[in-house]
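Listed below are the residues making up each chain.
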Protein chains: 2
Amino acid sequence: MKSDAGRQTLNIRQVAARAGVSTSTVSRVLNQSGYVKAEVRARIEQVIAETGYVPSGVATNLKKSSTQMVGVVIPRINSFASSEITAGISTALSEFGYIPILGSSTNIPENEVRYIDIFKRQRVDGVLILATQLTEPLLESMREISVPVVVIGQDASAFGIPCVIQDERQATRQLTDHLIRSGHRRIGLIGVADWDIQVGCERKGGYLDALAAVGIEADPAWTVTGGFDLKDGAAGADRLVPYIHSGVPTALLAVTDRLAIGAMSRLIERRIDVPQEVSVAGVGDIDVASVYNPKLTTVHFDYFGTGAVAAHMLVAQMREEPIAPEARIMPFELRIRDSVANLKPRP
Amino acid sequence: MKSDAGRQTLNIRQVAARAGVSTSTVSRVLNQSGYVKAEVRARIEQVIAETGYVPSGVATNLKKSSTQMVGVVIPRINSFASSEITAGISTALSEFGYIPILGSSTNIPENEVRYIDIFKRQRVDGVLILATQLTEPLLESMREISVPVVVIGQDASAFGIPCVIQDERQATRQLTDHLIRSGHRRIGLIGVADWDIQVGCERKGGYLDALAAVGIEADPAWTVTGGFDLKDGAAGADRLVPYIHSGVPTALLAVTDRLAIGAMSRLIERRIDVPQEVSVAGVGDIDVASVYNPKLTTVHFDYFGTGAVAAHMLVAQMREEPIAPEARIMPFELRIRDSVANLKPRP
DNA sequence: CTGAAAGCGCTAACAT
DNA sequence: ATGTTAGCGCTTTCAG
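If you're wondering where the values come from, they're calculated on a predicted model, not measured in any experiment.

Visitor: Hey, could you run me through unusual backbone geometry in this one?
Guide: As a rule of thumb, non-glycine residues mostly have phi less than zero, and peptide bonds are mostly trans rather than cis. Between Val274 of chain A and the following residue, Pro275 of chain A, the backbone shows a cis peptide bond with an omega angle of 5 degrees. Along the chain, Pro275 of chain A falls in the loop between helix 11 (257-269) and strand 9 (279-281). The linkage connecting Val248 of chain B with the following residue, Pro249 of chain B, adopts the cis geometry, with an omega of 0 degrees. Here Pro249 of chain B lies in the loop between helix 10 (230-245) and strand 8 (251-254). Its identity as a non-glycine residue notwithstanding, Asn107 of chain B has a phi of 65 degrees, on the positive side. As for its placement among the helices and strands, Asn107 of chain B is situated in the loop between strand 2 (99-104) and helix 6 (109-121). Asn107 of chain B sits in the partly exposed class, given a relative accessible area of 40%. Even without being a glycine, Arg123 of chain B presents a positive backbone phi close to 55 degrees. Its place among the elements puts Arg123 of chain B in the loop between helix 6 and strand 3 (126-130).

Shown next, in the form of structure tokens:
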């Protein structure tokens, strides 16, 4: 006897009818709630198996006013950090029976609030937002949505919103310290626009802190600013090449690994040896950092873990385990590799 | 007068009451359907603005029996190809007002069918599945779900399921031809397990085709097989190093760029110059392929476009514009760069 | 242990 | 132009 699965989707009433019981009894076996005589239960399960019946989640959602979905807004999912974070989110969420619905803002702030609106309408149980900046409209819509929110990548704690961030400043500070310890005093910077608080300001801030601590003044001529792409790194390198040819700076700090790799690639193309003629360091430790030629000295962030932690914080809130609206700061680790030359070798 | 947005979520009836009209009138202004006197409309919009009312998508979904959601199942989202494909999907889908809900199978076949089940329960309007293998249970659940499905990455047309794939065999064939044209006759292969039809079989098949066409026999000793990771590429290189030291093979074809880069990194570590001592080619053209040192010769696939095309095919079907259950084959392009040496320079 | 009935929040005939 | 009514598919008291 072949099953008649695959026919048009049927509902709980039809299943009840087939099994000769009421809908509430079917509902009880579906939810393992209440008592159902073993025999009746068997008959119902029989029918379910035969028909391939799957209860409508949307009806259940409506009834229970909970969807088990969490909205995730990401700018540009196709980047190493974002996709690792998303993987962490997805993995952690699925442990608790939640499923992510995705909004890709493609770095356009209006899209972020647009997606939050969509999520609100879909009645998600919570929202995770990977933000590059905290604009007023964004904050506004995070307040208006009446479900828990966790921000990733920007410090929203001042606005009473829990978040998880990296210690960008400290990380970049220590990386720059390493450069200085290796004998570099003239260090160029390949940065990004400062509307990105974490990458644009904090990372740059860490670099400046380190220089200031040893009384070095940063030369603005060695500071270039652009986008986040490989080619932006290359463009930055191009602009610094004339200086490098004249002997300073001796090292370049790129605020992301992508920029660092873009820059190294261009330097190598121009026959400038890294790290013999100029050292390069990045931030983030993307997967290829450790296999690039030369291997990139950088600072490692646990992006997957960041996503997972954010998801856990959200789950806690969705379960009414209230958490402090604090900034959870993720640890980092220096990864000293081959792209930075040691200018003062041990005697 | 401050708005009282943010209070507990209210429903259409409360909005109707506040505006002194019936729910259907509110519904009409919400959906721009039917006639509503301008004055009344204004009053309702007023109330909506004041209260920050957002209609419940789940109620609408239930009523309209359509959710505007499409389920996307991805193995391991944190890989270049997957995340590009996902970005393409997300972008294309949002053009048509659909929103992706994500299931990360983490390469476990059971998870794929598990997610399809979840999607079925959530009553998604369609499903996109990025498959690495077409197992019987998977095919079964794709048949049982009563909404359109498009498979990405595997040829499912034989099972009556539309899909979009790369021409893996032809691409690898032409890449190998290039190696041969460059004077390489002894070419090693860094492959993957053959349960992955496209990467494990087809790409290897293209390589074998090319060799066979010029009467070269592949030496099984130069064929290594492993996983998809950078370290698998390195492991492959390790196993081939002894042969390379003895002069053959002169070139290595890695079936993915990640493997190629992992291999190159290890070769360089072992002071084997690429491409002077051995050439390396990859497949896929991931972002860093063009900036690696040396720049990787590979074949370019348009992953973002692949995701977008699949999404379009799905949208067509969801709109009842039936499409043939064919395999849509995406174009590819050789990218000749610096990692392959030319053994027979022009005289 | 099981069934009847009342909604969850919305839409769409069908009236008026 | 607007209101009434009957569900969409499910869960959950409340009675038996």
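Alright, that's what it looks like, and here's the rest.
Visitor: Got a minute to help me understand the interface of chain B and chain A in this structure?
Guide: Reports of interface size often rely on the accessible area that becomes lost once the parts have come together. The partner chain A presents 51 residues to the 52 residues of chain B that form the contact. Buried surface at the junction of chain B and chain A, both sides included, amounts to about 4600 Å², of which 59% is carbon and sulfur. Our count for the contact surface shared by chain B and chain A stands at 4 salt bridges. A salt bridge links Glu269 of chain A to Lys295 of chain B, with the shortest nitrogen-to-oxygen separation between them at 2.0 Å.

Visitor: It is not clear to me how helix 10 (residues 230-245) of chain A should be interpreted in this structure. Could you clarify?
Guide: Residues and elements named next belong to chain A. Between the first and last C-alpha of helix 10 there are 22 Å, a value that for 16 residues agrees with the 22 Å anticipated at 1.5 Å per step. At Arg239, helix 10 shows its strongest bend, of approximately 40 degrees, with the proline Pro242 following within four residues. If you check which residues of helix 10 are buried, you get Leu230, Gly233, Ala234, Gly236, Ala237, Leu240, Val241 and Ile244. Where helix 10 is buried, its residues touch strand 6 (187-192), strand 7 (223-226), strand 8 (251-254) and helix 11. One or two residues past the end of helix 10 sits Gly247, with phi positive at roughly 105 degrees.

Visitor: Can you help me understand the relation of the copies chain B and chain A in this one?
Guide: Two copies of a chain can be linked by a rotation about an axis combined with a shift along that same axis. Its rotation angle being 180 degrees, the transformation that places chain B on chain A also includes 0.0 Å of axial translation and leaves an RMSD of 0.1 Å. On the angle and the small slide along the axis, the relation comes out as a two-fold axis. It is Ile101 of chain B whose C-alpha, among those of chain B, lies nearest the rotation axis, at 2.1 Å. The residues that chain B uses at the interface reappear at the interface of chain A in 98% of cases, marking a shared surface.

Visitor: Explain the nonpolar core to me, please; I cannot follow it from the model alone.
Guide: Most often, soluble globular proteins keep nonpolar side chains buried together rather than apart. Formed by 146 residues in total, the largest nonpolar core has its most connected members in Leu128, Ile261 and Leu267 of chain A together with Leu128, Ile261 and Leu267 of chain B. Excluding anything up to four places from it in sequence, Ile261 of chain B contacts Val291 of chain A together with Leu230, Ile286, Val288, Tyr292 and Leu296 of chain B. If you look at the next biggest cluster of nonpolar residues, it comprises 41 residues, including Ala131 and Val149 of chain A together with Ile116 and Ala131 of chain B.

Visitor: Where do I start with the protein's contact with DNA strand D in this structure?
Guide: The local shell around DNA strand D holds 23 residues, among which Ile12 and Tyr53 of chain A together with Ser24, Lys37 and Lys63 of chain B are the closest. Between a phosphate oxygen of DNA strand D and a main-chain N or O atom of Ile12 of chain A, the distance comes to 2.2 Å. Arg13 of chain A is positioned with one of its side-chain polar atoms (N or O) 3.5 Å from a phosphate oxygen of DNA strand D. Of all elements in the fold, only helix 1 (12-19), helix 2 (23-31) and helix 4 (57-64) of chain A together with helix 2 (23-31) and helix 4 (57-64) of chain B reach the threshold of two or more residues within the surface near DNA strand D. Taken together, the residues of the surface near DNA strand D sort by class into 9 nonpolar, 9 polar and 5 charged.

Parameters and conventions
- Residues numbered from 1 in each chain as written.
- Chains lettered and ligands numbered in written order.
- Predicted model: local features only at pLDDT ≥ 70, side-chain atom pairs only at ≥ 80, totals over all residues.
- Heavy atoms only, no water.
- Helix = DSSP H or I, 4+ residues; strand = E, 2+ residues; numbered from the N terminus.
- Buried < 20%, exposed > 50% of the residue type's maximum accessible area, 1.4 Å probe, protein only.
- Contact = heavy atoms within 4.5 Å.
- Buried area = accessible area lost by both parts, 1.4 Å probe.
- Salt bridge = Lys/Arg side-chain N within 4 Å of Asp/Glu carboxyl O.
- Expected span 1.5 Å × (residues − 1).
- Bend = angle between axes of the 7 residues up to and from the residue.
- Least-squares fit on C-alpha atoms with pLDDT ≥ 70 in both.
- Core = buried A, V, L, I, M, F, W, Y, C linked by side-chain atoms within 4.5 Å.
- Near = heavy atom within 4 Å.
- Polar contact = N/O pair within 3.5 Å; in protein donor to acceptor, adjacent residues only side chain to side chain.
- Nonpolar A, V, L, I, M, F, W, Y, C, P; charged D, E, K, R; others polar.

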